[in-house]
Amino acid sequence: MKRIVHITTMHPSSDTRIFRNECISLVKAGYEVILCAPHPKEEIVDGVRIVPVFKPRTFFERIFTAPKRAVEKASQMDADIYHFHDPELLFAMAALAKKPGKNVVWDAHENYADTIYSFNSLKIRLVSFVGAYFFGRFELYYAKKRFKGVITVTDTMAKKYRDKGIPTATAGNFSDISNIPGAVADRLRSPLVFISSGMQFKERSVVEIAQAFNLLQNETQAILRYAGKFKTEELKQEIESQVRTEMRDKLELSGPYTWEELVQEQIPKAHVGFVLFDTSDPNNCNGLPNRFFECWSNGLPVITTAGTQVARIVTEENGGIVIPNNDPSSIAEAMNKFLDDPALAEIMGRNARKAVEEKYSWGVAFRNINQLYATVLKS
């Protein structure tokens, strides 16, 4: 049995992509799987052996301490493939890959050079600019010279690696529909439930959604549900304050939820999902987030932002409404279209579920990972 070790210091051990999709799928495919991640204790969950690693509390620990400790622990496990997920681990994993018999695969969830600069990750804008430049250079160098392959989320992200001749697999953040039977809510039932699911933070335009709720023409026929963890309690209070007093009984704020509760209970009882983006971040334009496919897998059409990969797919499959920007009036206009024609949610929802079943299921994405693994193990 081939042993695979996944390593992360910044993602939770229950991360949807890493644990639920990749690690569990690898177990089902016959691999021995170890996940080195922040976790309270060592234990086996769904066949995956989770080994706790040091969880950084400061910026210094995130960059210097946590990566070194995590890679030291992982290197002792004598894996056939080491599969890592954080840019902070890049240099420590490159050092590991230099050792004989250490096969390393880099899972690039985002274009991190863009992220470092866009979010001023190194705290000082000039330092972040320089850091982004050198990270981009070193990432491609190590990917070509030391790592055995790269896994990305989209073909657009994969292009820069493939152009350098680096073995690359695309594995989108698709849902495992074997655990999601499909739509539960009656799509023609009134009132329609609009849902913002998963992590709630301002960059997802959660405040603008609340403001849009005030602008609906048929507000009595709609419920606005926020289901997930709020980044701060202040944000939760701000969302509530944006909704007119007479409409507060139509506003639902709840969470956090486990993945099972969110995907199998909360989303199925809604009718339309929000997948809005801050398009000033290039990664948002190119990414395909879990929340999008969780809605589509449950037969929910989505309201999404123009200029993104999600918008492209939604348009191709007629699985929702694309809005030009995230201002409240644009969001309200899209919501009103569903309220004026409830059958639209039924039609677009069926299109969404069909697209997931035929093109965007996790089974399709995992085959690409398995093929890359097979190539690595033969080398």
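Residues numbered from 1 in each chain as written. Predicted model: local features only at pLDDT ≥ 70, side-chain atom pairs only at ≥ 80, totals over all residues. Heavy atoms only, no water.

S.K.: With reference to specific residues and values, describe helix H11 (residues 290-297).
M.R.: Within H11, seven of the eight residues are buried, leaving the element largely enclosed by the surrounding structure. Restricting attention to buried positions, one finds in H11 the residues Arg-291, Phe-292, Phe-293, Glu-294, Cys-295, Trp-296 and Ser-297. Of the residues flanking the end of H11, it is Gly-299, one or two places downstream, whose phi is positive at about 75 degrees. (Buried < 20%, exposed > 50% of the residue type's maximum accessible area, 1.4 Å probe, protein only. Helix = DSSP H or I, 4+ residues; strand = E, 2+ residues; numbered from the N terminus.)

S.K.: Would you mind going over the nonpolar core in detail, with residue names and values included?
M.R.: Membership of the largest hydrophobic core comes to 50 residues, with the highest contact counts inside it found for Val-48, Phe-292 and Trp-296. By residue number, the principal contributor to this core is helix H15 (residues 362-378), which donates seven residues. Once you skip the residues sitting within four places of it in the chain, Val-48 turns out to touch Phe-19, Cys-23, Ile-24, Val-27, Val-33, Leu-35 and Glu-43. (Core = buried A, V, L, I, M, F, W, Y, C linked by side-chain atoms within 4.5 Å. Contact = heavy atoms within 4.5 Å.)

S.K.: Any details on the pairing of strand E2 (residues 32-37)? Residues and values, ideally.
M.R.: A regular strand places its side chains on the two faces of the sheet in alternate fashion. Of all six residues in E2, five are buried; the element is thus mostly enclosed. Crossover connection from strand E1 (residues 3-7) via helix H1 (residues 16-28) to parallel E2: handedness right-handed. Both E2 and strand E4 (residues 48-52) contribute to a ladder of four bridges, which runs parallel. Counterpart to Ala-37 in the pairing with E4 is Pro-52. (Right-handed = clockwise from strand over helix to strand, strands pointing away. Pairing = 2+ DSSP bridges.)

S.K.: Residues and numbers for the packing of helix H7 (residues 206-213) against helix H8 (residues 233-242), please.
M.R.: At their nearest, the axes of H7 and H8 sit 8 Å apart, and the two run at 20 degrees to each other. Here H8 runs roughly parallel to H7, going by the angle between their axes. Our pair here, H7 against H8, has a crossing hand that is right-handed. Contact with H7, carried on its side by Val-206, Val-207, Ala-210 and Gln-211, involves Leu-235, Glu-238, Ile-239 and Gln-242 of H8 and no other residues of that element. Split into classes, the residues belonging to the contact of H7 with H8 amount to five nonpolar, two polar and one charged. (Axes fitted to C-alpha atoms, helices over the stretch in contact; angles between N-to-C directions. Parallel < 35°, antiparallel > 145°, perpendicular 65-115°, else oblique. Left-handed = near helix turned anticlockwise from the far one by under 90°. Nonpolar A, V, L, I, M, F, W, Y, C, P; charged D, E, K, R; others polar.)

S.K.: A description of the packing of aromatic side chains should follow, citing residues and the corresponding values.
M.R.: Evaluated as defined, the whole model comprises 20 aromatic pairs. Ring centres of Phe-84 and Trp-106 lie 4.7 Å apart, and the angle between their planes is 20 degrees; this geometry places the pair in the stacked category. With Phe-84 in strand E5 (residues 81-84) and Trp-106 in strand E6 (residues 104-108), this pair connects stretches of sequence that are 22 residues apart. Each member of the pair, Phe-84 together with Trp-106, is buried. Within the aromatic cluster, the residues linked to one another by ring pairs are Phe-84, Phe-91, Trp-106, Tyr-112, Phe-138, Tyr-141, Tyr-142 and Phe-147. Between Arg-69 and the ring centre of Phe-54, over which it is positioned, the NZ or CZ distance is 4.4 Å. Its end group placed over the ring of Phe-277, Arg-291 keeps NZ or CZ at 5.1 Å from the ring centre. (Phe/Tyr/Trp six-rings, centres within 6.5 Å; stacked < 30°, edge-to-face > 60°. Lys NZ or Arg CZ within 6 Å of the ring centre and 35° of its normal.)

S.K.: Summarise helix H12 (residues 309-317); cite the residues concerned and give the values.
M.R.: Of all the positions in H12, only Gln-309, Val-310, Ala-311, Ile-313, Val-314 and Glu-317 are classed as buried. The first or second residue beyond H12 is Asn-318, which carries a positive phi of 55 degrees.

S.K.: Outline the sheet that holds strand E11 (residues 251-254), supporting the account with residue identities and numerical values.
M.R.: Read across the sheet, six strands follow the order E11-E10-E9-E12-E13-E14 without closing on themselves; strand pairing throughout is parallel. Every interior strand has two partners, whereas the edge strands, E11 and strand E14 (320-323), have only one. Averaged over neighbouring strand pairs, the angle between their axes works out to 20 degrees when direction is ignored. Pairing geometry for strand E9 (residues 192-197) and strand E12 (residues 272-275), over two bridges, is parallel. The residue bridging Ile-195 from the neighbouring strand is Gly-273, located in E12. Lying over the sheet, helix H9 (residues 259-266) contacts E9, strand E10 (222-227) and E11, oriented at roughly 165 degrees with respect to E10. Along the sheet face, helix H13 (residues 328-340) touches E9, E10, E12, strand E13 (302-305) and E14 and points at about 155 degrees away from the line of E14.

S.K.: Could you give an account of the pattern of salt bridges, with specific residues and numbers?
M.R.: Inspection of the entire model under this criterion finds 17 salt bridges. Bridged by salt links that share partners, the residues Arg-17, Glu-22 and Asp-107 form one connected network. (Salt bridge = Lys/Arg side-chain N within 4 Å of Asp/Glu carboxyl O.)

S.K.: Now, about the environment of Glu-238: what can you tell me, with residues and values included?
M.R.: Structurally, Glu-238 is set in helix H8. For Glu-238, a relative accessible area of 24% translates into the label partly exposed. Separated by 139 residues in sequence, Glu-238 and Lys-99 have C-alpha atoms that sit 52 Å apart. Once you skip the residues sitting within four places of it in the chain, Glu-238 turns out to touch Lys-202 and Val-207.

S.K.: An account of unusual backbone geometry is needed here, citing residue identities and associated values.
M.R.: Cis peptide bonds are those with omega within 30 degrees of zero, and the linkage from Gly-255 to Pro-256 qualifies with 5 degrees. The phi angle at Asp-78 is positive, at roughly 50 degrees, despite the residue not being glycine. With respect to the helices and strands, Asp-78 occurs in the loop between helix H2 (59-75) and E5. In this structure, Ser-205 is a non-glycine residue whose phi angle is positive, near 60 degrees.

S.K.: Describe the side chain of Glu-61, with residues and values.
M.R.: Within the fold, Glu-61 resides in helix H2. Judged by its relative accessible area of 14%, Glu-61 is buried. Discounting residues that sit within four places of it in the chain, Glu-61 has contacts with Phe-54, Lys-55, Pro-56, Ala-66 and Pro-67.

S.K.: Quick rundown of the side chain of Ser-25? Include the residues and the values.
M.R.: By secondary structure assignment, the location of Ser-25 is in helix H1. For Ser-25, the residues in contact, after removing those within four places along its chain, are Trp-362 and Phe-366.

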